[in-house]
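If you want the building blocks of each chain, they are given just below.
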Amino acid sequence: MNTDEWTQTLGAGPLLGIAAGAVAVLLLLIIRFRVHAFLALVVVSIGTAFAAGIPAGQVMDTLTEGFGSTLASVALLVGLGAMLGRLVEVSGGAQALTDAMIRRFGERRAPLALGVASLLFGFPIFFDAGLVVMLPIVFSVARRLGGGVLRYGLPAAGAFSVMHVYVPPHPGPVAASGLLGADVGLVLALGLLLAVPTWYLTSYLYGLWVGNRIVLPVPDILGGEPEHDENPPKAGTVIGLLLLPVLLIFANTGLSTAGEVGWVDGDAGWYDVVLTLGSTPIALLITVFVAMYVLGTRRGRGKDTVEKLLDSALGPVAAIILITGAGGMFGGVLEASGIGDAVSGAMSDIGLPAVVAGYLIATTLRVAQGSATVALTTAAGLMQPIVAGGAFNGVELAALVLALAAGSVTAGHVNDSGFWLVGRFFQMDVKTTLKTWTVMQTTIGLVGFGLASLVYAIA
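Residues numbered from 1 in each chain as written. Predicted model: local features only at pLDDT ≥ 70, side-chain atom pairs only at ≥ 80, totals over all residues. Heavy atoms only, no water.

Overview of the overall build of the chain
Short version of the rule: Every helix listed is a DSSP run of H or I at least four residues long, and every strand listed is a run of E at least two residues long, numbered separately from the N terminus. Radius of gyration here uses only the C-alpha atoms, and the compact-globule reference equals 2.2 Å multiplied by the residue count raised to the power 0.38. Only protein chains enter the accessibility calculation, which uses a 1.4 Å probe; a residue is then buried when its area is under 20% of its type maximum, exposed when over 50%, and partly exposed in between. Methods summary: accessible areas were calculated by the Shrake-Rupley approach with a probe of 1.4 Å, and residue burial reflects only the protein chains presented. His is not counted here, nor are the chain ends, while Lys and Arg score as positive and Asp and Glu score as negative. Lysine's charge is taken at NZ, arginine's at CZ, aspartate's at CG and glutamate's at CD.
Of the regular secondary structure elements, the chain holds 20 helices and 0 strands. Taking 459 residues into account, the globule formula puts the C-alpha radius of gyration at 23 Å, and the chain, at 22 Å, falls close to it. The C-alpha extent of the chain, read off along each of the three principal axes, is 70 × 60 × 45 Å. The burial tally for the chain puts 56% of its 459 residues in the buried class. Approximately 18400 Å² of the chain is accessible, and the part contributed by carbon and sulfur atoms is 64%. When the 21 positive and 27 negative side-chain charges of the chain are each reduced to one mean point, those points stand 19 Å apart.

Pasting the structure below:
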């Protein structure tokens, strides 16, 4: 029996009850019983499919279709982004970039320099890994210049958080873009426009303000000065590598727009070739190969060494990829079962704009279970029917993705791994971490949501 031939007989009330129960069980498994988010999402997806009445013979097809369609857009980008980040990290690129920024901005503006370096470095590398790479540099600068660790640490940590939540190729915005049908290149462009002022207001200015009021000693947890690569790349080389995929993706988006409005011949053979080269996966693939040569082979690293470096980048992101895929699986079940349509109808009855409803759903999930990736992918799954039933243009879809991302970062607290990572590294107690990191995460979400709503309103 094909699911296309199956008709949902349950009414909106029971379907909404199943949706609420599914989310409650998901949160209970993750929070109370400490079940891994990947396993919890798979179990809840299966249970939801049966509870909603999807024919037993079609349950596995529904699960694998949702899982596979999400990973089709996510796995390549996350894997390639991790490889690029690893090459930049091991080569000493982060240190070189930070040193150059401090020379340019001056020691008095060292927090700004560290933050700008982290924004650039945060494009290909994930929050946890980027923070761990930059912290030895942050601690070294803080020791040299004085003023406490938060003054330097929060602008850097906030930069990684902002880039991770708003900007592809990070898994959250990529997965949400795929689920809602938004153009990744447009999400990248708008995400960058949103991320920079959000970081400046919520991480840099706030970091300086709270750093002057809560002066904490520089921890010795990382054992003093960071190691320096014997042959680090120039800062310009690192910036060029980080900008290469961005420029290729922007060129793809610009050329696509030019073809749609008739400025160039969209039927020409070269047109599709150039569009393909500028697609996000190909742009990152090209950049990884360039980085392999520029940061690896040309600097004396053997081919075996480079291969091992790239291989070591994939292990840590496996969990992220699987959780994101499982979030897409849950979203696929919600869509196939008609639950998503019921949620869409309920939101329409309340009268909330889609951008507000998405933000509130993502925020609720974030506060309840902690993981930004789970919150974002689950919220995107719940929003799919609203998007499918409405006439949204490309900019509105991108703004909706960014509003969901804003909700997924809001109010990170004790159930969020990032909360403990920052608290442990800065050697803050829970109360201080709540007063600093949680407040900053909340402002990152609120300011980002405000800017995303503005884009949505004028689109």
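Regarding the packing of helix α4 (residues 93-105) against helix α5 (residues 110-121)
Helix-helix packing: each pair is described by the crossing angle between the helix axes and the interaxial distance. What counts here: Helix axes are fitted to C-alpha atoms over the stretch in contact, other axes to C-alpha atoms as well, and angles between N-to-C directions run from 0 to 180 degrees. Throughout, the term roughly parallel applies to angles under 35 degrees, roughly antiparallel to angles over 145, roughly perpendicular to angles from 65 to 115, and oblique to all others. In this scheme the handedness of a crossing depends on how the near helix is turned from the far one: anticlockwise by less than a right angle means left-handed, clockwise means right-handed. Note on contacts: a residue pair is in contact if any heavy atoms of the two residues lie within 4.5 Å. We call Asp, Glu, Lys and Arg charged. Ala, Val, Leu, Ile, Met, Phe, Trp, Tyr, Cys and Pro are nonpolar, and the rest, Gly among them, are polar.
Between α4 and α5, the least distance of the axes is 8 Å, while the angle of their chain directions is 140°. One way to sum up the angle between α4 and α5 is to call them oblique. The handedness of the crossing between α4 and α5 comes out as right-handed. Across the interface between the two elements, Ala94, Leu97, Thr98, Met101, Ile102 and Phe105 of α4 pack against Leu112, Ala113, Leu114, Val116, Ala117, Leu120 and Phe121 of α5. Within the contact of α4 with α5, the residues separate by chemical class into 12 nonpolar, 1 polar and no charged.

Examining the side chain of Thr198
Along the chain, the position of Thr198 falls in helix α9 (residues 184-213). Thr198 gets classed as buried once you look at its relative accessible area, which sits at 0%. Beyond its immediate stretch of four places on either side in the chain, Thr198 contacts Val162, Tyr166, Ser203, Ile444, Val447, Gly448 and Leu451.

Concerning a nonpolar patch on the surface
The condition is simple: Each patch is built from residues that are more than 30% exposed by relative accessible area and take part in no salt bridge. Like charges join if they lie within 9 Å; nonpolar side chains (Val, Leu, Ile, Met, Phe, Trp, Tyr) join within 5 Å. What makes a salt bridge here is a side-chain nitrogen of Lys or Arg within 4 Å of a carboxyl oxygen of Asp or Glu, nothing more.
On the surface, Trp270, Val273, Val274 and Leu277 cluster together to form a nonpolar patch covering roughly 360 Å² of accessible area. Residue placement: Leu277 occurs in helix α11 (residues 269-277).

Describing the packing of helix α16 (residues 354-369) against helix α18 (residues 394-409)
Interaxial distance between α16 and α18 falls to 7 Å at its minimum, and their mutual angle equals 25°. When the interaxial angle is binned, α16 and α18 end up roughly parallel. In the packing of α16 onto α18, the handedness of the crossing is right-handed. Residues Ala354, Val355, Gly358, Tyr359, Ala362, Thr363 and Arg366 of α16 lie in contact with α18, whose contacting residues are Leu400, Ala403, Leu404, Ala406, Gly407, Ser408 and Val409. Its residues assigned to classes, the contact of α16 with α18 comprises 9 nonpolar, 4 polar and 1 charged.

Description of the nonpolar core
The condition is simple: Working definition of a nonpolar core: buried Ala, Val, Leu, Ile, Met, Phe, Trp, Tyr and Cys residues. They are joined through side-chain atoms within 4.5 Å.
Core analysis: the biggest nonpolar cluster contains 151 residues, and Tyr166 and Phe426 have the highest contact counts within it. Apart from the residues lying within four places of it in its own chain, the contact partners of Phe426 are Leu135, Phe139, Val149, Leu150, Gly153, Leu154, Leu216 and Pro219.

A word on a negative patch on the surface
Side chains of Asp61, Glu65, Glu335 and Asp341 sit close together on the surface and give a patch of like negative charge. Structurally, Glu65 is set in helix α3 (residues 56-90).

Side note on the packing of aromatic side chains
Just so we agree on the cut-off: Aromatic rings from Phe, Tyr and Trp, with only the six-membered ring used for Trp, were paired whenever their centres fell within 6.5 Å, and each pair was classed as stacked if the ring planes differed by under 30 degrees, edge-to-face if by over 60, and tilted otherwise. The criterion for a charge sitting over a ring is simple: Lys NZ or Arg CZ within 6 Å of the ring centre, and within 35 degrees of the ring normal.
Evaluation of the coordinates by the stated rule reveals 9 aromatic pairs. Seen from their ring centres, Trp199 and Tyr200 are 6.3 Å apart, and the 65° between their planes marks the pair as edge-to-face. Look at Trp270 and Tyr271: their rings are 6.1 Å apart centre to centre, the planes differ by 75°, and that puts the pair in the edge-to-face class. Relative accessible area serves as the criterion here: at 44%, Trp270 is assigned to the partly exposed category. What links up through ring pairs into an aromatic cluster is the set Trp199, Tyr200 and Tyr204. The ring of Phe33 has Arg32 lying over it, and the distance from NZ or CZ to the ring centre is 5.5 Å.

Re the environment of Leu194
Positionally, Leu194 belongs in helix α9. The exposure class of Leu194 is buried, given its relative accessible area of 5%. Residues contacting Leu194, with those up to four places away along its chain left out, are Tyr166, Leu402, Gly448, Leu451 and Ala452.

With respect to the confidence of the model for the chain
Convention followed: Across the chain, each position has a pLDDT score giving the predictor's confidence in that residue, from 0 to 100.
When pLDDT is averaged along the chain, the result is 85; 95% of the residues meet or exceed 70. Predicted confidence in the chain is weakest over helix α15 (residues 339-350), with a mean pLDDT of 69, and strongest over α18, with 95.

Brief notes about helix α6 (residues 127-145)
Basically, it comes down to this: Any helix carries an expected span of 1.5 Å times its number of residues minus one. To get the bend at a residue, fit one axis to the 7 residues ending there and another to the 7 starting there, then take the angle between the axes.
The end-to-end C-alpha separation of α6 is 25 Å, in line with the 27 Å expected for 19 residues at 1.5 Å each. Along α6, the sharpest kink reaches roughly 35°, centred on Met134 and followed within four residues by the proline Pro136. One or two residues past the end of α6 sits Gly146, with phi positive at roughly 80°.

Description of unusual backbone geometry
For the bond from Pro168 to Pro169, the omega torsion is 15°, close enough to zero to count as cis. Along the chain, Pro169 falls in the loop between α7 (150-166) and α8 (171-180). Unusually for a residue other than glycine, Arg34 sits at a positive phi of about 55°. Mapped onto the elements of the fold, Arg34 is located in the loop between α1 (12-32) and α2 (37-51). Exposure remark for Arg34: the relative accessible area of 64% places this residue in the exposed category. Non-glycine residue Ala411 carries a positive phi angle of around 60°. Here Ala411 lies in the loop between α18 and α19 (417-425).

Quick notes on the side chain of His170
With respect to the helices and strands, His170 occurs in the loop between α7 and α8. Sequence-distant contacts of His170, defined by excluding residues within four places in its chain, comprise Gly122, Phe123, Pro124, Ile125, Phe126, Met163 and His164.

Some words on the environment of Ala346
Note on placement: Ala346 falls in helix α15. Residue classification places Ala346 among the partly exposed residues on the basis of a relative accessible area of 23%. Sequence separation between Ala346 and Leu16 is 330 residues; the distance between their C-alpha atoms is 8.5 Å.

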